[in-house]
Amino acid sequence: MATRQDYDLDHIRLTDRPLIVCDIDEVVLEFISPFAAFLRSQNHELLPRSFHLHGNIVSTLDGSVPEAAIVSAFLDAFFAAQDKWQMPAEQAVETLHRLADDADIVFLTAMSPRHRIVRRNLLDRFDLHFPMVATEGPKGPVVTALHGARPLPVAFIDDIERNLLSVREHVPDCLLLTMLANADFRALAPEPCAGIRAVAGWTEAFGLLQAHVCADVRSQTG
Ligand SMILES: [Mg+2]
């Protein structure tokens, strides 16, 4: 089993409460809409033709589709300047603060460590001071290292299926929600796999998360 020492988790102190682990891009912060705006500033556009970035970014100058290395360079430049583009998803800030009354919140973002500081500062600017882990590896082992064998509810929210499946594999009792802030790409998303619940946004997620978290509170106090 992965341990806290395998990851940079020493700054995270969980209380004796349920745990909600939360992806950032397209979940807590809008990603697709601001990335599309960034691309327009670079004479490109993102077309919602399928549930992928690659192949759907097109030059507005000549209609060409940039190769993968160019898309990667766009993404890197966007994340380096994310504090000028990204905003919280609708109801994310308010809902996370309400959930924090009953659960610990930890952000788990699939981001290169070189963009970690700018992301941390951006979250803090939006009053999202919850601890953050940035990793480019599978997310399931990180949730395992965080949560361990604690007999408490745990939930995980992400927009990418492979991350949800990784957590499903490593933390079988975890409530798994998939959420996508951008409505155009949400309509293109594949049907969720077994054990994963799709929610339209934070208002719907709140009810499910609160029920999962408070079920434990009731069992402890009743
Ligand atoms: Mg994401």
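A quick note: this is a predicted structure, and the numbers were derived from the prediction, not measured.

If you check the domain split of the protein chain, you get domain 1 (4–30 + 88–221) and domain 2 (32–84). Computed over C-alpha atoms, the centres of domain 1 and domain 2 are 26 Å apart. Across the contact, 18 residues belong to domain 1 and 15 residues belong to domain 2. Of the roughly 1500 Å² buried where domain 1 meets domain 2, counting both sides, 65% is carbon and sulfur surface. Summed over the three residues of domain 1 that lose the most area to domain 2, namely His115, Phe185 and Leu188, the buried surface amounts to 36% of that side.

Quick look at the coordination of the magnesium ion now. Of the protein atoms, only Asp23 (OD), Asp25 (O) and Asp159 (OD) coordinate the magnesium ion, at distances of 2.0 to 2.3 Å. Motif for the magnesium ion, donor spacing along one chain: D-x1-D-x133-D. Of this pair, Asp25 sits in the loop between strand 1 (19–22) and helix 1 (32–41) while Asp159 sits in the loop between strand 6 (154–158) and helix 6 (161–170); the two residues are 134 residues apart in sequence, bridging distant segments of the chain. The two residues Asp25 and Asp159 agree in class, both being buried.

This next bit is on the sheet that holds strand 1. Sheet strands line up and pair through hydrogen bonds in the backbone, either parallel or antiparallel. Taken in spatial order, the six strands line up as 5-4-1-6-7-8 in an open sheet, and their pairing is parallel. At either end of the open sheet lies a strand with only one pairing partner, and these are strand 5 (132–134) and strand 8 (196–198). For this sheet, the mean inter-axis angle between neighbouring strands, taken without regard to orientation, is 20°. In this sheet, strand 6 lies alongside strand 1 in parallel orientation, the contact comprising four bridges. Among the inter-strand pairings, Leu19 is bridged to a residue of strand 6, identified as Val154. Where helix 4 (residues 116–125) meets the sheet, its contacts fall on strand 4 (104–109) and strand 5, and the angle it forms with strand 5 comes to roughly 155°.

Judged by nonpolar contacts, the single largest core of 31 residues is most densely connected at Val28, Phe107 and Trp202. Of all elements in the fold, only strand 1, helix 3 (92–99), strand 4, helix 4, strand 6 and helix 8 (202–221) reach the threshold of two or more residues within this core. For this core, the leading source of residues is helix 8, giving five residues. If we ignore the near neighbours within four places in the chain, the residues touching Phe107 are Cys22, Ile24, Val28, Leu96, Leu123, Leu128, Phe130, Pro131, Met132 and Val133. Core analysis: the next-biggest nonpolar cluster, separate from the first, contains 20 residues, Phe156, Val167, Cys174 and Leu176 among them.

A few words on the packing of helix 5 (residues 140–147) against helix 6. Relative to each other, helix 5 and helix 6 sit at 45°, their axes nearing to 7 Å. Our classification of the angle between helix 5 and helix 6 gives oblique. Our pair here, helix 5 against helix 6, has a crossing hand that is right-handed. Listed contacts from helix 6 to Gly140, Pro141, Val143 and Thr144 of helix 5 are Ser166, Val167 and His170.

Take the packing of helix 1 against helix 2 (residues 68–80) next. The contact between helix 1 and helix 2 brings their axes to 11 Å, and the two run at 110°. Comparing the axis directions of helix 1 and helix 2 gives the class roughly perpendicular. Contacts from Pro34, Phe35, Phe38 and Leu39 in helix 1 reach Phe74, Leu75, Ala77 and Phe78 in helix 2. Among the residues forming the contact of helix 1 with helix 2, the class breakdown is eight nonpolar, no polar and no charged.

All chains considered together, the criterion is met by 10 aromatic pairs. Taking the centre distance of 5.4 Å and the plane angle of 10° together, the rings of Phe31 and Phe35 count as stacked. Owing to a relative accessible area of 9%, Phe31 belongs among the buried residues under this scheme. Taking 5.7 Å as the distance between ring centres and 65° as the angle between the ring planes, the aromatic pair formed by Phe38 and Phe78 counts as edge-to-face. Placement of the pair is Phe38 in helix 1 and Phe78 in helix 2, with a sequence separation of 40 residues. Taken individually, Phe38 and Phe78 each receive the classification buried, so the pair is uniform in this respect. An aromatic cluster of at least three residues, connected via ring pairs, comprises Phe31, Phe35, Phe38, Phe74, Phe78, Phe79 and Trp85. Seen from the ring of Phe206, Arg98 lies directly overhead, with NZ or CZ sitting 4.0 Å from the centre.

Calculation rules
- Residues numbered from 1 in each chain as written.
- Predicted model: local features only at pLDDT ≥ 70, side-chain atom pairs only at ≥ 80, totals over all residues.
- Heavy atoms only, no water.
- Domains from an automatic or database assignment.
- Contact = heavy atoms within 4.5 Å.
- Buried area = accessible area lost by both parts, 1.4 Å probe.
- Donors = N, O, S within 2.8 Å, 3.2 Å for Na, K, Ca; no water.
- Helix = DSSP H or I, 4+ residues; strand = E, 2+ residues; numbered from the N terminus.
- Buried < 20%, exposed > 50% of the residue type's maximum accessible area, 1.4 Å probe, protein only.
- Pairing = 2+ DSSP bridges.
- Axes fitted to C-alpha atoms, helices over the stretch in contact; angles between N-to-C directions.
- Core = buried A, V, L, I, M, F, W, Y, C linked by side-chain atoms within 4.5 Å.
- Parallel < 35°, antiparallel > 145°, perpendicular 65-115°, else oblique.
- Left-handed = near helix turned anticlockwise from the far one by under 90°.
- Nonpolar A, V, L, I, M, F, W, Y, C, P; charged D, E, K, R; others polar.
- Phe/Tyr/Trp six-rings, centres within 6.5 Å; stacked < 30°, edge-to-face > 60°.
- Lys NZ or Arg CZ within 6 Å of the ring centre and 35° of its normal.

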